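Here's the letter readout for the chains.
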Amino acid sequence: MSDEEFPLLSELKKGPWPSFVKEIEKTAEHKPEIKDLLKQLERSYEDKITYWKHGGIVSVRGYGGGVIGRYSFLAKECPGIAEFHTMRVNQPAGYFYTTEALRKICDIWEEYGSGLTNMHGSTGDIILLGTITKNLQPCFNALAKAGFDLGGSGSALRTPNACVGPARCEFACYDTLELCYDLTMTYQDELHRPMWPYKFKFKMSGCPNDCVAARARSDFGIIGTWKDEIKIDQEQVKKYAEEGVDIQKQVVEHCPTKCIEYDPEKKEIKIDNENCVRCMHCINVLPKALRPGDEKGACILLGGKAPILEGPVMGWVIVPFIPADELADFVKDLAEKVWDWWDENGKYRERVAELVERLGMMNFLEAVELEPDPRMVKHPRENPFFFWREEDLKPRTDPWKIWREAEKGL
C-alpha cells in the first residue's frame, strides 16, 4: 500500500503503537479482496461517513442471530467487499483457550472468510470480520464441528460474559465461570432466536473490581461481594509499613467513606465495616494484609448500558446480596421475571433501564416480586408529595380503643 494512494491510512501506521492498518495490509497479501477494504476505509476517512449498510438479514439455518449482515455502499468500486458479514462466536467462560483451539478457529476463518479477527468484541464474542453470504453456513458447520457455537446478536440475549474468576483470581467471591456456563447453556433459545424489544446482557464479575465492567455495560450485572467483615492480618500490615508503603496516604486517605483508621505507632489498621462500601481499594493496595470476608456471594445490578436512546446508565442495585450457593437458581428465576415484564411492556429498541425509567422502579419491583431497598434510591425526592395507592393503606385503628382494651386487661 503506497502512502500516495492511501495518505490518511498511512498516518495511522506512524508511531510506536501497533497499527490495525499494518495488520490489514498483511492480510491483503494473500486475500486480494482486502485491498478493497483498505480503499473503502480511506474513503470513509476522507468523507467522514461510513460506507457500510448494517442489517441482520443473513444468518445460518435455525438461528436468528449470531451473524451481522454488512454490505458496502461502494460495491461497484470495491467489489471484493460488496458482502462483508461478521460472525460472532461464543467465547469460553473466562477466555480460556488451548493453542490448538485458537489455530483451528483461524484455519476455519482463513478458508471461509477474510482472515481478520477481533479478539474479543465488547460483549466478549470472538469476532470474525468479513465473509460472503454463501460461506456462512459452511463456516458455521466447520465451527460447530470444532466445538464452537455462534453468540448472540440482534434483539436477543447477548453472549454471557464473565471475568476469569476463581480460576486465576484470589478475590473471586463466587464461581463466575460456572455461572456463565450455566446461563449460556440454559438460555440457548434466547441467545439464538431474537424475540425481545432489544438486546439483553449478562456480565459476571467475581469481585467489586468488576473486571468485565458489569455495572456499566450489562443489563443484568452480577458482581461478587461479601457480607461480613474484611479480614485483617496485622502482621502483614506491619510488613507493608516496614517495606515503605505509606498506608495513611495510599490507603486511609483514599477510602471513599473514610472508614479506615491507621495507627502508625502500632502499625495496625482498624476498619469500620458498617460504613465500608466494598470498593476494594484497600485490598488492592494491601492484598496480603486485607482479604474479602468469608460470607461470600454477589450483588445484582439492573440496567447498565451505553448511550442509545436515553444516554448512558450505570446499573441499579436491585438485590444487595445473595449467598454464592443460592446464586444460580436465584439469577435464573429473577431474570425470567424481568424478561416477562420487559417483553410485555417494552417498546421497540427500548432497553430494560429505559423501561424502568419510563414506568418507574415501583412498578418494576412489583412485577419481579422484589422488596424495595434504600440502596435502590438514586437521589432524594425533589417534591414533598407522595401519592398513596388505596391498597397500600391499612385500616386505621382508634388508639384510644387500644388503650381502653389494654386498661381492661390490667
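The structure under discussion appears in the preceding block.
Criteria and cut-off values
Residues numbered from 1 in each chain as written. Predicted model: local features only at pLDDT ≥ 70, side-chain atom pairs only at ≥ 80, totals over all residues. Heavy atoms only, no water. Salt bridge = Lys/Arg side-chain N within 4 Å of Asp/Glu carboxyl O. Helix = DSSP H or I, 4+ residues; strand = E, 2+ residues; numbered from the N terminus. Buried < 20%, exposed > 50% of the residue type's maximum accessible area, 1.4 Å probe, protein only. Pairing = 2+ DSSP bridges. Core = buried A, V, L, I, M, F, W, Y, C linked by side-chain atoms within 4.5 Å. Contact = heavy atoms within 4.5 Å. Axes fitted to C-alpha atoms, helices over the stretch in contact; angles between N-to-C directions. Phe/Tyr/Trp six-rings, centres within 6.5 Å; stacked < 30°, edge-to-face > 60°.

Visitor: Just checking my understanding: could you explain the pattern of salt bridges for this structure?
Guide: When the charged atoms of two side chains lie near each other, side chains of opposite charge can form a pair. Under the counting rule described, the total for this entry stands at 16 salt bridges. Note that K13 and E25 form a salt bridge whose closest N and O atoms lie 3.2 Å from each other. Separated by 12 residues along the polypeptide, K13 in the loop between α1 (7–11) and α2 (20–28) and E25 in helix α2 bring together distant segments of the chain. Taking the shortest distance from any N to any O, the salt bridge between D47 and R43 comes out at 3.3 Å. Of the two residues, D47 and R43 both sit in helix α3 (residues 34–47), 4 residues apart, roughly one turn of that helix. For R43, a relative accessible area of 24% translates into the label partly exposed. In this structure, a network of salt bridges that share partners links the residues R43, D47 and E77.

Visitor: So what exactly am I meant to see when it comes to the pairing of strand β8 (residues 202–205) here?
Guide: A regular strand carries its side chains on alternate faces of the sheet. Taking every second residue as pointing to the same face, both faces of β8 are buried, with F202 and M204 on one and K203 and S205 on the other. Pairing of strand β7 (residues 161–162) with β8, which is carried by 2 bridges, proceeds in the parallel orientation. Bridge assignment links A162 to a residue of β8, and that residue is M204. Here β8 pairs with strand β9 (residues 220–226) via 4 bridges, running parallel.

Visitor: Looking at this structure, how should I read the nonpolar core?
Guide: What tends to happen in soluble globular proteins is that the nonpolar side chains get buried as a cluster. If you look at the biggest cluster of nonpolar residues, it comprises 39 residues, and the most contacted ones within it are F200, F202, F220, I222 and F364. Mapped by element, the contributors of at least two residues to this core are α6 (176–186), β8, β9, β14 (296–302), β15 (316–323), α12 (327–345), α13 (352–359) and α14 (361–368). It is α12 that contributes the most residues to this core, 8 residues altogether. Setting aside residues no more than four positions away along its own chain, F220 makes contact with F200, K201, F202, K203, I300, L301, L302, V331, L334 and A335. Within the second largest apolar cluster, 24 residues are counted, among which are V237, I247, I269 and I283.

Visitor: Where do I start with the sheet that holds β8 in this structure?
Guide: Strand order across the open sheet formed by 5 strands is β7-β8-β9-β14-β15, with mixed pairing between neighbours. Across the chains shown, the open sheet's two edge strands, defined by having one partner strand only, are β7 and β15. Relative to β14, β9 runs antiparallel, the two being bridged by 7 bridges. The partner of T225 across the bridge, within β14, is G297. Here α12 sits on the sheet in contact with β8, β9, β14 and β15, set at roughly 150° to β15.

Visitor: For this particular structure, what's the right way to read the packing of aromatic side chains?
Guide: Aromatic ring pairs: the centre-centre distance and the angle between the two ring planes describe each pair. This model, assessed by the stated rule, comprises 13 aromatic pairs. With centroids separated by 5.5 Å and ring planes inclined at 20°, the aromatic side chains of W52 and F84 adopt a geometry described as stacked. Residue W52 is located in strand β1 (residues 52–54), and its partner F84 is located in the loop between β3 (70–72) and β4 (85–89); the two are separated by 32 residues in the primary sequence. Note on W52: relative accessible area 22%, which makes it partly exposed. Its relative accessible area of 8% is what places F84 among the buried residues. Look at F200 and W339: their rings are 5.6 Å apart centre to centre, the planes differ by 85°, and that puts the pair in the edge-to-face class. Pair noted here: F200 is in the loop between α7 (188–192) and β8 and W339 is in helix α12, with a separation of 139 residues, a long-range link. Accessibility expressed as a relative area gives 0% for F200, which makes it buried. Counting every residue linked through ring pairs, the aromatic cluster contains Y187, W196, F200, F202, F220, W339 and W342.

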